[in-house]
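Close look at the chain arrangement
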Amino acid sequence: MSEGMLAAIAGVAAVVVTLAQWFFSLRAASRQRDVEMTQWGQEVIDVMTEIETACFPLSPETTYRPGEIEKLSQRACQSAS
C-alpha cells in the first residue's frame, strides 16, 4: 500500500471514531436528561401527595401546623421550577 492510501484509511478511521464518540455522548446526555426528569417527576408526585393529604386528611388526627404548611408550600414552589 502506498503512503497516500494509508493516510486516507487513517483519516477515514479518525472520522468514524469521532462520529462514534459524538453519537455515544448524545446518548449519554439523553439518558442523563431522562434520569433527571424521572427524579423531578417523583419529587412532584411526593409533593402533590403531601398537599392532597394536607387538604383532605385521611383521618382527623392528620393535621399540619402552619410551619409544616409553609415548608410544603416552599417545596411545591421548588418542584415547579
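Residues numbered from 1 in each chain as written. Predicted model: local features only at pLDDT ≥ 70, side-chain atom pairs only at ≥ 80, totals over all residues. Heavy atoms only, no water.

Observations regarding the state of the cysteines
Under the criterion given, the structure shown has 0 disulfides. Note on Cys 55: no disulfide assigned, nearest cysteine sulfur contributed by Cys 77 at a separation of 14 Å. (Disulfide = S-S within 2.5 Å.)

A closer look at the environment of Tyr 64
With respect to the element layout, Tyr 64 can be found in the loop between α1 (3-55) and α2 (66-80). When its relative accessible area of 26% is taken as the criterion, Tyr 64 is described as partly exposed. Taking the C-alpha atoms as reference points, Tyr 64 and Glu 43, 21 residues apart in sequence, are found 20 Å from one another. When residues no more than four places from it in sequence are discounted, the contact partners of Tyr 64 are Glu 50, Thr 53, Ala 54 and Ile 69. (Helix = DSSP H or I, 4+ residues; strand = E, 2+ residues; numbered from the N terminus. Buried < 20%, exposed > 50% of the residue type's maximum accessible area, 1.4 Å probe, protein only. Contact = heavy atoms within 4.5 Å.)

Looking at a nonpolar patch on the surface
The grouping of Val 15, Leu 19, Trp 22, Phe 23, Phe 24 and Leu 26 at the surface amounts to a nonpolar patch, some 640 Å² of accessible area in total. Take Leu 26: it is sitting in helix α1. Taking the relative accessible area as the measure of exposure, Leu 26 reaches 44% and is therefore partly exposed. (Patch = residues over 30% accessible without salt bridge, like charges linked within 9 Å, V, L, I, M, F, W, Y side chains within 5 Å. Areas by Shrake-Rupley, 256 points an atom, 1.4 Å probe, with all protein chains shown as cover. Salt bridge = Lys/Arg side-chain N within 4 Å of Asp/Glu carboxyl O.)

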